[in-house]
Amino acid sequence: MGHNPGAIAEMSIIGCILQDSSHCTEAFEILLPEMFAISELGEIYEVSHSIASEGRPVDMAALQALLPPEVSENILTCEAIGAKLERATEYAEIIRENWRKGTTAKQLSELAYRMSEPGAMMGQCLTEAERVIDAQRDIESKIESATAKELKACIVEWMGKMSSPPYSLWTG
C-alpha cells in the first residue's frame, strides 16, 4: 500500500470505522467502495458499511470472518495508522475528492484520445466534453460544505426553540 495522502486517508477512514463505526455515519453517506484507489481498502469499506448498516459493531473479527485472508494485513495496517475519529468526515472528503479528480482526468483523457482519431467529429466531442463537465458539476452540487451543514443544524435548532415555550407563538 502506498503512503500518499490519498492512501493515508483511505487507511484512516477504515481505522476510524474500526474504532467506532457509529461515529462514521457521514462517511458512510458520502463514500462508495469504488471511490477507493486501493481496491482492497474499497473491499474492506464495503464489508464494513454492510456490517454497520445491519447495526452490528465493525471490528477485526467481523471483518476477518467476511473477507479473504489476504486482506487481513491491510486491516491491521488501517487499525495501526492512528486515525483520529473526529476527522473521519475529512478523510472521507479527501477520498471523494481524489476519486472525483481521477474520474474527471480519465474521462477527459479518453475524450482527448477520441478527438485525435481520424474522422472524429468535433460536435460529438464537444457534446461529450459538456457531459463530463455537467457530471462533475452534478457531483459538486451534491457535496454540501461543512459550513452549510452547520448552518442548517443551527436553523433546525433555532426552529425547535422557537416552537417551544416561552418563545412559541402557538397557543393551545
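Below or above, wherever it landed, is the structure these notes cover. (Residues numbered from 1 in each chain as written. Predicted model: local features only at pLDDT ≥ 70, side-chain atom pairs only at ≥ 80, totals over all residues. Heavy atoms only, no water.)

**Things to note about the overall build of the protein chain**
And step 1. What the protein chain contains, in helices and strands, is eight helices and zero strands.
And step 2. Listing each helix as α and each strand as β along the protein chain from the N terminus yields α-α-α-α-α-α-α-α.
And step 3. Going through the 172 residues of the protein chain one by one, you find that 31% of them count as buried.
And step 4. Restricting the contact set of the protein chain to residue pairs at least 6 apart, pairs at least 24 apart contribute 62%.
And step 5. A total of about 11000 Å² of accessible surface is found on the protein chain, and carbon and sulfur atoms cover 58% of it. (Helix = DSSP H or I, 4+ residues; strand = E, 2+ residues; numbered from the N terminus. Buried < 20%, exposed > 50% of the residue type's maximum accessible area, 1.4 Å probe, protein only. Contact = heavy atoms within 4.5 Å. Areas by Shrake-Rupley, 256 points an atom, 1.4 Å probe, with all protein chains shown as cover.)

**So, the pattern of salt bridges**
And step 1. Taken as a whole and judged by the stated rule, the model has three salt bridges.
And step 2. Put simply, glutamate 90 and arginine 87 hold a salt bridge, and the shortest N to O gap is 3.1 Å.
And step 3. With relative accessibility at 37%, the residue glutamate 90 sits in the partly exposed group.
And step 4. Put simply, glutamate 97 and arginine 100 hold a salt bridge, and the shortest N to O gap is 2.7 Å. Taken together, the positions of glutamate 97 and arginine 100, both in helix α6 (residues 88–116) and three residues apart, correspond to about one turn of that helix.
And step 5. Relative accessible area serves as the criterion here: at 26%, glutamate 97 is assigned to the partly exposed category.
And step 6. For arginine 100, a relative accessible area of 12% corresponds to the buried category. (Salt bridge = Lys/Arg side-chain N within 4 Å of Asp/Glu carboxyl O.)

**Observations regarding the packing of helix α3 (residues 39–53) against helix α5 (residues 72–80)**
And step 1. Taken N-terminus to C-terminus, the directions of α3 and α5 make an angle of 80 degrees; their axes are 10 Å apart at the nearest point. As summarised for this structure, α3 and α5 are arranged roughly perpendicular, according to the angle between their axes. Side by side, α3 and α5 meet where Glu40, Leu41 and Ile44 of the first sit next to Asn74, Ile75 and Cys78 of the second.
And step 2. Of the residues in the contact of α3 with α5, the class split is four nonpolar, one polar and one charged. (Axes fitted to C-alpha atoms, helices over the stretch in contact; angles between N-to-C directions. Parallel < 35°, antiparallel > 145°, perpendicular 65-115°, else oblique. Nonpolar A, V, L, I, M, F, W, Y, C, P; charged D, E, K, R; others polar.)

**Notes on α6**
And step 1. In a regular helix each residue adds 1.5 Å, so 29 residues correspond to 42 Å; α6 covers 42 Å between its end C-alpha atoms and thus fits that length.
And step 2. Those residues of α6 not exposed but buried are Ala88, Tyr91, Ala92, Ile95, Arg96, Arg100, Thr104 and Leu111. (Expected span 1.5 Å × (residues − 1).)

**As for helix α1 (residues 5–20)**
And step 1. Here α1 is 16 residues long and its end C-alpha atoms lie 22 Å apart, about the 22 Å a rise of 1.5 Å per residue gives.
And step 2. Listed in full, the buried residues belonging to α1 are Gly6, Ala7, Ala9, Glu10, Met11, Ser12, Ile13, Ile14, Gly15, Cys16, Ile17 and Leu18.
And step 3. Along its buried surface, α1 packs onto α2 (25–30), α3, α4 (60–66), α5 and α6.
And step 4. A distance of 2.9 Å separates the backbone nitrogen of glycine 6 from a side-chain oxygen at the start of α1, and that oxygen is part of asparagine 4. (Polar contact = N/O pair within 3.5 Å; in protein donor to acceptor, adjacent residues only side chain to side chain.)

**Quick look at the packing of aromatic side chains**
And step 1. Going through the model one piece at a time under the given rule, you end up with two aromatic pairs.
And step 2. Seen from their ring centres, phenylalanine 28 and tyrosine 45 are 5.8 Å apart, and the 40 degrees between their planes marks the pair as tilted. Taken together, the positions of phenylalanine 28 in helix α2 and tyrosine 45 in helix α3 put the pair 17 residues apart, joining distant regions of the chain.
And step 3. Among the aromatic residues, those joined into a ring-pair cluster are Phe28, Phe36 and Tyr45. (Phe/Tyr/Trp six-rings, centres within 6.5 Å; stacked < 30°, edge-to-face > 60°.)

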